[in-house]
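# What the coordinates show
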Amino acid sequence: MAGAYRGAELIGVCVGFFHPPPDRALHSHIAGVRGGSDGAGVGKALKHHERAWRLRRGTDTMTWTFDPLIARNAYFNIHRLGTAATEYLPNFYGEMTDSINRGQDSDRMLLAWDLLREPGTRIAAGTPEPEACVLYNEDGVPRLFHDSPGSAQRVRVEIPSDIETMRIEHPDRAARWRPALRDALATLMNDGWQVTDFARSGHYSLERTPHQRILSIDLINITLPLVSPFTTSFSTQTSRAPLLVKVTAEHNGREVTGWGECVVLDEPVYSPEYLDGAREVLQRFLIPALYTWQDPGKALTAKLVGHVLEHIVGHRMAKAALEMAILDAQLRATDISFASYFGTTVDTVPSGVLVGIQKSIPDLLSAVGGYIDQGYVRIKLKIQQGWGIEPVRAVRERFGDIPLQVDANTAYRLVDAPHLRKLDPFNLLLIEQPLAEDDLRQHALLAREISTPMCLDELIVSAASAVDAIALGPQQLSTSSPDALADTSKPNAFTTSPPPMGSLCGAAECSRPASAVRQMRHSPACPDSPCPETSRHPTATTSRKSPNPSASKTARSGSLAARGIGVEPIPAVLAEATTATLTVAPR
């Protein structure tokens, strides 16, 4: 917090807080100057004070948001300070009732200020103004020209010089500017255009930026035999047959490859999606839709995949595989790690392991003991009717206070609450998806009947379903399933306002989408790691040997620091496991 004073009078203030990466980035949450003191350089003095203070403490980035319709703020932030406009955020705060924002959507522009760079305009002096205009200010009335970019490399987007006065004197005219600016500026930025300046005359300057173009996409069927059968409440598997998605792209003239995995099963017993259906929808609908989008020369980044594919209903696992492969290629091309992209605070994650339903209690104890000796720090047990209380009791008695959780895969009903309550004394991290995958209300009721934290997996299929879960009771949501939330363009519904602490949480398996990663890092369900995540199939390959038992008691961890999403298939193993390959290229 910093204040600006005229004598003893406080005339300006700014408040910020640090955010990941720790101690290197700070978000300036609010800044304001007292009426009558604007235009006197108070805001500039505050920002430069913040910059100097943060540089002394090793901070190199500062972010904040502002209303992109207010010309004087746009000029100050972008031209005078030289910040980078990184994202257009439609209706970012929702409905606001204060005197400044009442009656209009709260659109904001997210800015990033590189504190190591000297303040000042980011565009070379003497650069001519862009001739092509996408949004034109015609005597206070917005005029949109969507086709104006054409082959132009630079365009301008005009806004009123004083929208605040216009809201008072011409409210009907002012109301037309918000949707017009959103249509123009958000569309351009989503298409890969970069804001380079804001002119005092009242317009944003934007330039085309080199972008990623998909050259081809391979759908690769592989089969991996399991070392031992893997049993859950709904099936027994002896092999895994995932569908790999390989994206070959050109990024700024350089060819890169990205990988994703579609986590569907052979049959629709876990979700409505299944292997052959996922392959079909990828080939016929999803991949062609991406090619159609990029045909006119539009940018295609991972952030845009959800937007491009949202007209296709469902098929979240297939969409997620495609999105993750494109993100992997994008991050590899720019030498960025998955962790850095999402702003995580750790480089490694302690690994847990998922143990299927065993033939007997002795077999279960032998399996769990083996994994603990290999260095796994958290155990998740599959349970079902008739295989629940006693297996948990046996593991607790044999291995003591290890981090332990269970996954029921919808095996119970609400009438089983007295039975599930018997799990409470075992101090479990959580019980995952005990009831039907489509019954949110009964999960909320069950959460009031048991003290063990409850995790939602199959049920949380969107940001909207997560919000519904929060609305039904005191809960802590922490979902991390790309097959459920396969759209990195959606706002993070789980973190815009922290939900109250409680007994219902959501933490699905698999990889982590953008919309959930931030909340996932702070799940209370698993205090020893960023989320209650486990290895989905620890015995799913015969191509690699288990770690040497002599390395027992050394905690396993997965690295988040490798570039891309951190997975690089081994060519020889991939070739041996591949059963079919289909290349889908642009027409």
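Residues numbered from 1 in each chain as written. Predicted model: local features only at pLDDT ≥ 70, side-chain atom pairs only at ≥ 80, totals over all residues. Heavy atoms only, no water.

Here the focus is a nonpolar patch on the surface. On the surface, a nonpolar cluster with roughly 460 Å² of combined accessible area is contributed by Met 1, Tyr 5, Leu 10 and Val 13. Owing to a relative accessible area of 54%, Tyr 5 belongs among the exposed residues under this scheme. (Patch = residues over 30% accessible without salt bridge, like charges linked within 9 Å, V, L, I, M, F, W, Y side chains within 5 Å. Areas by Shrake-Rupley, 256 points an atom, 1.4 Å probe, with all protein chains shown as cover. Salt bridge = Lys/Arg side-chain N within 4 Å of Asp/Glu carboxyl O. Buried < 20%, exposed > 50% of the residue type's maximum accessible area, 1.4 Å probe, protein only.)

What follows deals with the environment of Ala 585. Tracing the chain through its elements places Ala 585 in the segment after strand E25 (578-584). Ala 585 sits in the partly exposed class, given a relative accessible area of 41%. Taking the C-alpha atoms as reference points, Ala 585 and Thr 248, 337 residues apart in sequence, are found 9.9 Å from one another. Residue contacts for Ala 585: discarding those within four places in its chain leaves Leu 215, Ser 216 and Tyr 291. (Helix = DSSP H or I, 4+ residues; strand = E, 2+ residues; numbered from the N terminus. Contact = heavy atoms within 4.5 Å.)

Attention now moves to the environment of Met 109. Of note, Met 109 is situated in strand E6 (residues 108-114). For Met 109, a relative accessible area of 0% corresponds to the buried category. Sequence-wise, Met 109 and Glu 87 are 22 residues apart; in three dimensions their C-alpha atoms are separated by 5.9 Å. If sequence neighbours within four positions are ignored, Met 109 has contacts with Trp 64, Thr 65, Phe 66, Pro 68, Ala 85, Glu 87, Tyr 88, Leu 185, Met 189 and Tyr 204.

Read from one edge to the other, the open sheet built from four strands follows the order E16-E15-E12-E25, with strand pairing classed as antiparallel. Of all the strands in the sheet, the pair left with one neighbour each is strand E16 (254-262) and E25. Between one strand axis and the next, the sheet turns by 20° as a mean value, whatever way the strands run. Pairing of strand E12 (residues 212-222) with E25 involves six bridges; the strand directions are antiparallel. Across the sheet, Leu 219 pairs through a bridge with Leu 582, a residue of E25. Across the sheet, helix H8 (residues 316-333) touches E12, strand E15 (243-251) and E16, and the angle it forms with E16 is around 150°. (Pairing = 2+ DSSP bridges. Axes fitted to C-alpha atoms, helices over the stretch in contact; angles between N-to-C directions.)

A separate point is the packing of helix H6 (residues 275-294) against helix H7 (residues 302-309). Contact geometry of H6 with H7 gives a least axis separation of 10 Å together with a crossing angle of 110°. By the angle class used here, H6 and H7 are roughly perpendicular. Across from Leu 286, Ala 289, Leu 290 and Trp 293 in H6, the residues of H7 making contact are Leu 304, His 307, Val 308 and Leu 309. In terms of residue class, the contact of H6 with H7 is made up of seven nonpolar, one polar and no charged. (Parallel < 35°, antiparallel > 145°, perpendicular 65-115°, else oblique. Nonpolar A, V, L, I, M, F, W, Y, C, P; charged D, E, K, R; others polar.)

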